[in-house]
Structure formats: structure tokens, C-alpha cells
Amino acid sequence: MSSDNLNSPVVSDQQRLLRSAKSSVPASTTPLSSEEFNRVISAMRKTQDATLAQCKALSLSFNKKFCELQASVDSLASQIVDVRADNTSLRNELSTLNNRIGVIESDVGKLPSSSGDNIPQLLQELSEREKCSFNAIVHGLIESSATIPTERLSDDLQHLSESILPLAMSLPSDVKMIRLGRTIGKNPRPLKVIFSSKITSQQFIKDFVTGMRSRTTTDPPLLVSVVRDRTLMERQQVRQVYADLEQRRKNGENNIVVRHFNGVPSIVQANKDFQLNHTTHRHVTLAKN
């Protein structure tokens, strides 16, 4: 046997077991019998097998723990992605809210103040805008000739459903409708559509605008338009902007139009993208009402 093998851990363990077995019996000059040698070897094998089994059990346990750790890391990574998406959404909503606050503060600054305190007017305007956010205003929808209110409401619901059908749109089942103002000649009165939530109202208006922009010149004309509901202050602001537009055009400025940014009307220079078609012009004109 080489010196390397004699110095290995296994050989050393075997030597210790042999010495232990020799020391457990009285000193004798007689060598180990074959049976005693086999018994020692068997004990060594059992020890090695037990050690190997323990190593395998530890390896399996470590593998299991590693798999659990990997699953936890994957779950954490997925949660981080979700948190980032939620954070982006919150940032967008915060930006929109800041824009709306800026618009309201600008409008409040234009309010007449008798005592220098505009807080009551501000609170009233906020309340009115909250109510209006549930509504959409439909212009140009034919008015029913029925005299019974339930029949008129049913006719309005049917006419509006038929009008938006070419845009692949439909009305929720829980909407409410009210005709605004008094009848003047044969012109149909505006129809206020009240939705159950602000999200539903905003989505309805967005889908209508998107559908109108996707129509081609060969499509049959759609005689209705849909805009968001506005408070009295907002309507006055829109009328003032359009009055300024007309005055500036009379003064020779022809290449100007009214565009809405975050719901606020402003007079800007016209461009080719804005001058799309008569339908777009009609939609913007009705926004003055």
C-alpha cells in the first residue's frame, strides 16, 4: 500500500478502528482472526453508510431550501414589477390631479370676491364638478314626439343606442337621461346622460371620440356629438374663449382655433393635424354649448 493511501482519511479511520478493536481484547501475540477482521470491516462499512446517508439527507434538505428560496425570489421580483406599475399609475393620477387643481385655482382667481374670501365658491365649484364628472351631454339627438315621460325616455334610449351603434358602442343598463332646457323650434334639446360612475362616463366619452376619429369620409354622417358635462363656471369660460376667438378673427387673425388641454379651452395656432374634417369642427363647436 502506498504512503498516500496510508495517509488518506478513510485509511486513518480504519486504522483507528483496528487499534480500538485490538485494545478491546486482552493483549496477545495472536493475530486477529478472520471473523474478528470481518466484524471490524462490517462496523466500518455501517459507519460509512450512516455518514453517507446523513450527507444525502443534508443535500436533499439544502436543495429543497434552495428551491424554496428561488421561488421566494421569483415571487418578490414579480411583486416588485407590480409595485413599479402601481407607482407609475399613481404618478400619472397625481399629475392629472395637479393639473385639475391648477385649473380650479386659475378659475377661482377669476371669481368675483366681495369679502376677499373665495373658499365657499371654491367648495361649491368642486362639488359641481364632482357631480358633472358622472355625466355626458349628447347634442343633435332627435327628440321624441311622445307625450308620456316614460315613452319619451324609452325613445331617447333607443335613439341614442342606434346612433352609437356604428361606433361599436353600447349603453349600460343603469343610465339615466334628462333633456335640458326648453324646446326652441325644431332643434332637439341637449340630452344629459347620467352614469353610475365617473369611470363609466369618461370611458363612454373617450370611446365616442375615438370612434369618430376612426371614421372615414365614405361613412354615413353621424348627427350626434358627445361632450363631458360642465359647470356654469366652465361654460362661461368656454363662451369667453370663443368670444375672444371671434374677436381676434375679426382683427385679422385667421389661423387660430380653440383647443382643449386637460379640459381647459385655449386659443392656439391652427395646424394641418387639427383641421381634419367637418365632423371634428362640429364637435368642437358644440363644446361651446
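Computed from a predicted structure; not experimentally measured.

Student: So what's going on with the overall build of the protein? Residues and values would help.
Tutor: For the protein, the helix and strand inventory stands at eight helices and six strands. Listing every helix and strand of the protein by position from the N terminus yields α-α-α-α-β-α-β-β-α-β-α-β-β-α. Across the 289 residues of the protein, 24% fall into the buried class. For the protein, the share of sequence-separated contacts (at least 6 apart) that also reach a separation of at least 24 residues comes to 53%.

Student: Please provide a residue-by-residue account of helix H7 (residues 232-250), values included.
Tutor: A turn of α-helix holds 3.6 residues, and therefore any two residues three or four places apart point the same way. For H7, with 19 residues, the first-to-last C-alpha span of 27 Å sits near the 27 Å given by 1.5 Å per residue. If you check which residues of H7 are buried, you get Met233, Glu234, Gln237, Val238, Val241, Tyr242 and Leu245. At the C-terminal side of H7, glycine 252 shows a positive phi close to 110°.

Student: Give a detailed account of the pairing of strand E2 (residues 176-179), specifying residues and quantitative values.
Tutor: With burial as the criterion, only one face of E2 is covered, namely that bearing Met177 and Arg179; the residues Lys176 and Ile178 on the opposite face remain uncovered. Of the pairings in the sheet, the one linking E2 to strand E3 (residues 191-194) comprises four bridges and is antiparallel in character. Pairing of arginine 179 across the sheet is with leucine 191, part of E3.

Student: Please give an account of the pattern of salt bridges that cites residues and values.
Tutor: Per the counting criterion, the structure on display carries nine salt bridges. Linking arginine 129 and glutamate 234 is a salt bridge whose minimum nitrogen-to-oxygen distance equals 3.8 Å. Within this pair, whereas arginine 129 is found in helix H4 (residues 119-132), its partner glutamate 234 is found in helix H7, the two being separated by 105 residues in sequence. The shortest N-O distance in the salt bridge between lysine 192 and aspartate 229 comes to 3.9 Å. Linking lysine 192 in strand E3 with aspartate 229 in the loop between strand E4 (225-228) and H7, this pair joins segments that are 37 residues apart in sequence.

Student: Please set out the UniProt feature "coiled-coil region" (unreviewed entry) in the protein residue by residue, giving values where relevant.
Tutor: Under the local residue numbering, the UniProt record ascribes the feature "coiled-coil region" (unreviewed entry) to residues 228-255. Taken as a whole, residues 228-255 contains 68% helix and 4% strand, while its terminal C-alpha atoms sit 27 Å from one another.

Student: Run through the packing of aromatic side chains, naming residues and quoting values.
Tutor: Inspection of every chain in the model, using the stated rule, returns one aromatic pair. Between the aromatic rings of phenylalanine 195 and phenylalanine 204, the centroid separation amounts to 5.2 Å while the plane-to-plane angle is 45°, which identifies the pairing as tilted. Pair check on accessibility: phenylalanine 195 and phenylalanine 204 agree, each one buried.

Student: Outline the pairing of strand E6 (residues 264-269), listing residues and values.
Tutor: Examined bridge by bridge, strand E5 (residues 256-261) and E6 share six bridges and lie antiparallel to one another. Opposite histidine 260, over in E6, you have proline 265 as the bridge partner. The turn joining E5 and E6, which pair antiparallel and follow one another in sequence, is formed by two residues; a positive phi near 55° is taken by asparagine 262.

Student: So, a nonpolar patch on the surface: which residues are in play, and what are the values?
Tutor: Together, Leu94, Leu97 and Ile101 make up a nonpolar patch on the protein surface, roughly 260 Å² of accessible area in all. Positionally, leucine 94 belongs in helix H3 (residues 34-109).

Student: Pulling in residues and values, what's your account of H4?
Tutor: Look at H4: 20 Å from first C-alpha to last across 14 residues, which is about the 20 Å you get at 1.5 Å a residue. Within the sequence span of H4, burial applies to Glu125, Arg129 and Cys132. Around the axis of H4, the buried residues are gathered within 60° of arc, so they sit on the same side. Facing away from the buried side of H4, by more than 90 degrees, are the exposed residues Pro120, Leu123, Gln124 and Lys131.

Student: Which residues make up the side chain of serine 133, and what values go with them?
Tutor: Note on placement: serine 133 falls in the loop between H4 and strand E1 (135-139). Look at serine 133 and you get buried, because its relative accessible area is 15%. Leaving out residues up to four positions away in the same chain, serine 133 has contacts with Lys198 and Ser201.

Student: How would you sum up the nonpolar core? Please name residues and give values.
Tutor: Nonpolar side chains tend to gather and get buried jointly when the protein is soluble and globular. Counting 20 residues, the largest nonpolar core has Val138, Leu160, Val193, Phe204 and Phe208 as the members making the most contacts within it. Listed by contribution, the elements that provide at least two residues to this core are E1, helix H5 (149-164), E3 and helix H6 (198-213). Per-element tally for this core: the top contributor is H6, with four residues. Apart from the residues lying within four places of it in its own chain, the contact partners of leucine 160 are Val138, Leu141, Leu171, Met177, Leu191 and Val193. One finds Val241, Leu245, Ile256 and Val258 within the second-largest nonpolar core, a separate group that totals six residues.

Student: How would you sum up the sheet that holds E3? Please name residues and give values.
Tutor: Read across the sheet, four strands follow the order E2-E3-E1-E4 without closing on themselves; strand pairing throughout is antiparallel. Only two strands of the sheet have a single neighbouring strand rather than two, namely E2 and E4. Along the sheet, successive strands turn relative to each other by an average axial angle of 25°, direction set aside. Contacts between H5 and the sheet are confined to E1, E2 and E3, with E2 contributing the most and set at about 105° to the helix. Sitting on the sheet, H6 touches E1 and E4, and the angle it makes with E4 is about 140°.

The rules behind the values
Residues numbered from 1 in each chain as written. Predicted model: local features only at pLDDT ≥ 70, side-chain atom pairs only at ≥ 80, totals over all residues. Heavy atoms only, no water. Helix = DSSP H or I, 4+ residues; strand = E, 2+ residues; numbered from the N terminus. Buried < 20%, exposed > 50% of the residue type's maximum accessible area, 1.4 Å probe, protein only. Contact = heavy atoms within 4.5 Å. Expected span 1.5 Å × (residues − 1). Pairing = 2+ DSSP bridges. Salt bridge = Lys/Arg side-chain N within 4 Å of Asp/Glu carboxyl O. UniProt positions renumbered as here; feature names shortened; annotations may be inferred. Phe/Tyr/Trp six-rings, centres within 6.5 Å; stacked < 30°, edge-to-face > 60°. Patch = residues over 30% accessible without salt bridge, like charges linked within 9 Å, V, L, I, M, F, W, Y side chains within 5 Å. Areas by Shrake-Rupley, 256 points an atom, 1.4 Å probe, with all protein chains shown as cover. Arc of directions from axis to C-beta. Core = buried A, V, L, I, M, F, W, Y, C linked by side-chain atoms within 4.5 Å. Axes fitted to C-alpha atoms, helices over the stretch in contact; angles between N-to-C directions.

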